[in-house]
Structure formats: structure tokens, C-alpha cells
Amino acid sequence: VVIGLANAGKSSIVQKLTGAKTEVADYPVSTRVPQPGMLRYEDIQFQLVDLPPLIPGSSEWNRRVIGLARNADALIIVLSADSDLYNQYIVIKKMLEENGIHLSKPRGRVVIEKERGSGSAGLRVVLSGRIIDGTVDDVRRLLGNYRIYNGVVKIYGEVSLEDVEKAVFEHISYKPSLILVNKYDLPGSEDKLAEFIKKAKPTQPVIPVSARTGLNLDKVGNELFRQLEIIRVYTK
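A few points on the structure. (Residues numbered from 1 in each chain as written. Predicted model: local features only at pLDDT ≥ 70, side-chain atom pairs only at ≥ 80, totals over all residues. Heavy atoms only, no water.)

In total, this model carries three aromatic pairs according to the counting rule given. Between Y41 and F225 the ring centres are 5.7 Å apart and the planes differ by 45 degrees, which places this aromatic pair in the tilted class. In this pair, Y41 is assigned in strand β2 (residues 35–41) and F225 in helix α7 (residues 220–227), connecting sequence segments 184 residues apart. For Y41, a relative accessible area of 14% gives the class buried. (Phe/Tyr/Trp six-rings, centres within 6.5 Å; stacked < 30°, edge-to-face > 60°. Helix = DSSP H or I, 4+ residues; strand = E, 2+ residues; numbered from the N terminus. Buried < 20%, exposed > 50% of the residue type's maximum accessible area, 1.4 Å probe, protein only.)

Of all eight residues making up α7, six are buried, and the element is well covered by its neighbours. All buried positions along α7 are accounted for by V220, G221, E223, L224, F225 and Q227. Structurally, α7 contributes buried residues whose contacts are with α1 (10–18), β2, β3 (44–50), β4 (75–80), β10 (177–182) and β11 (206–208). (Contact = heavy atoms within 4.5 Å.)

This part is about the packing of helix α3 (residues 85–98) against helix α6 (residues 189–200). The description of two helices packed together rests on the angle between their axes and the distance between the axes. Running from N to C, α3 and α6 cross one another at 45 degrees; their axes reach a closest spacing of 9 Å. One way to sum up the angle between α3 and α6 is to call them oblique. Residues L85, Y86 and Y89 of α3 form the contact with α6, whose participating residues are K192, L193, F196, K199 and A200. The residue makeup of the contact of α3 with α6, split by class, is six nonpolar, no polar and two charged. (Axes fitted to C-alpha atoms, helices over the stretch in contact; angles between N-to-C directions. Parallel < 35°, antiparallel > 145°, perpendicular 65-115°, else oblique. Nonpolar A, V, L, I, M, F, W, Y, C, P; charged D, E, K, R; others polar.)

Right, let's talk about the environment of K154 for a bit. With respect to the helices and strands, K154 occurs in strand β8 (residues 151–159). Here K154 falls in the partly exposed class, since its relative accessible area comes to 25%. Along the chain, K154 and E170 lie 16 residues apart, while their C-alpha atoms are 15 Å from each other. Polar side-chain contacts of K154 include one of 3.1 Å to the side chain of E113. (Polar contact = N/O pair within 3.5 Å; in protein donor to acceptor, adjacent residues only side chain to side chain.)

If you want it as C-alpha cells, here you go:
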């Protein structure tokens, strides 16, 4: 999905990349419903979905938009070089995190699959990593405090007991992402981008682009391919 604040140029970018007939206008919230388009890259295609903009302070609207992002394989975050890049990024990042979507790849994750029934013998812990500050018995005791006695706890990578506790209450998901800094053809954009990277230290790739001139839009397909860690298998 292509996500961002109002007037960042999301629709123009999706139109340039896919040829989809998105609605482009110079007033806020011209995109009212998701608009899909297909981006061709080598011998595959990516479906890009231009989402309605996130609107600070409009929690119900934002929940609906972010609900679509939750089911996506990756996020393309569009920032506009005609405004403060750092503030745009922080606002978007905060909205996503408040809804359980994280942009930084975690060291590990915990999946709790509850089952009905009673009795402590029914809780299994499957380790595909390690618990850095406790043991499997500590996990069972912790979940017992929340009346979780039956089910499967799957632990991937490195996790703490706090991560296990968070998994009881929150559904946190990591989304691969990349940042497109649009309107990079405007004067002063280079300095703004350098300041943004220094201040925000984003963990995802940042590509300066221009929907108006087409600058660097040819790099988006390759970067999506890398972020999604796609492996193609050809029959012999």
C-alpha cells in the first residue's frame, strides 16, 4: 500500500508507476477510496494500492486506512519535500505504531495461539530462538497469571518476558517499507533530505523522487523486490 498525509503526491506517484486512473487534485483528501494499480518489474507485477490520506486527529478515519495497511505485504511511505519531512515521518510512524504496525524489524516475535480448556499441562512453548531474560517455565508462569493454560506459544528470534506479556494484549506486526520523498525537483529539497536522514535515522531505504518529472521512479520496483525478499524459482 502507498500511505502518507494529504497532498504528499501519493496518487500522482501511483499513476506514474502503474498507469492507473487515480484522482489527482491540488486539494486535500482527493483520494476517498483505495485505488489499485499494477507496477511491472522485470517478469513480475506488484499491486500498488493508493490509500486515502492519514489525517492527524481523525482517529476513526485513520483506523480504517491503517486497517488496509495491516493486510499489506509492504508499505510505501510518501513524504512531501515541500513540508517538514521529519514531522511528516514521525506523525505517520506514530499512527502506525498506535495501531500495532512497526516499521523497524524486531529482534524476535511471539505468537500466542490460545486453546479452550483448563489445566497447566496444556501450554506448549515452541522455541525457534531464545528467551533472553528467562526460561520456558517463566513463560508458563507469566501466562498463567493471565489465565492462559492451554495453547501454543511460538517464540522466534530473541525475545524478553516483556515481549511475551505484550503479545497477550497487542497484535504487533512488522511491515517491510520504503520511503519516497516526493517533489524532490523543488529548490532546497537536497538539504531537506540530508537533514531528515540525519535527524530521523530511518531504518528503511529512502528514495528521492518526483512524480512531476519521473525522477528515480524506475528504482521503486527494484527496492520493493529487495524489501519483500522475494525468491523466484524457475522450472528447468
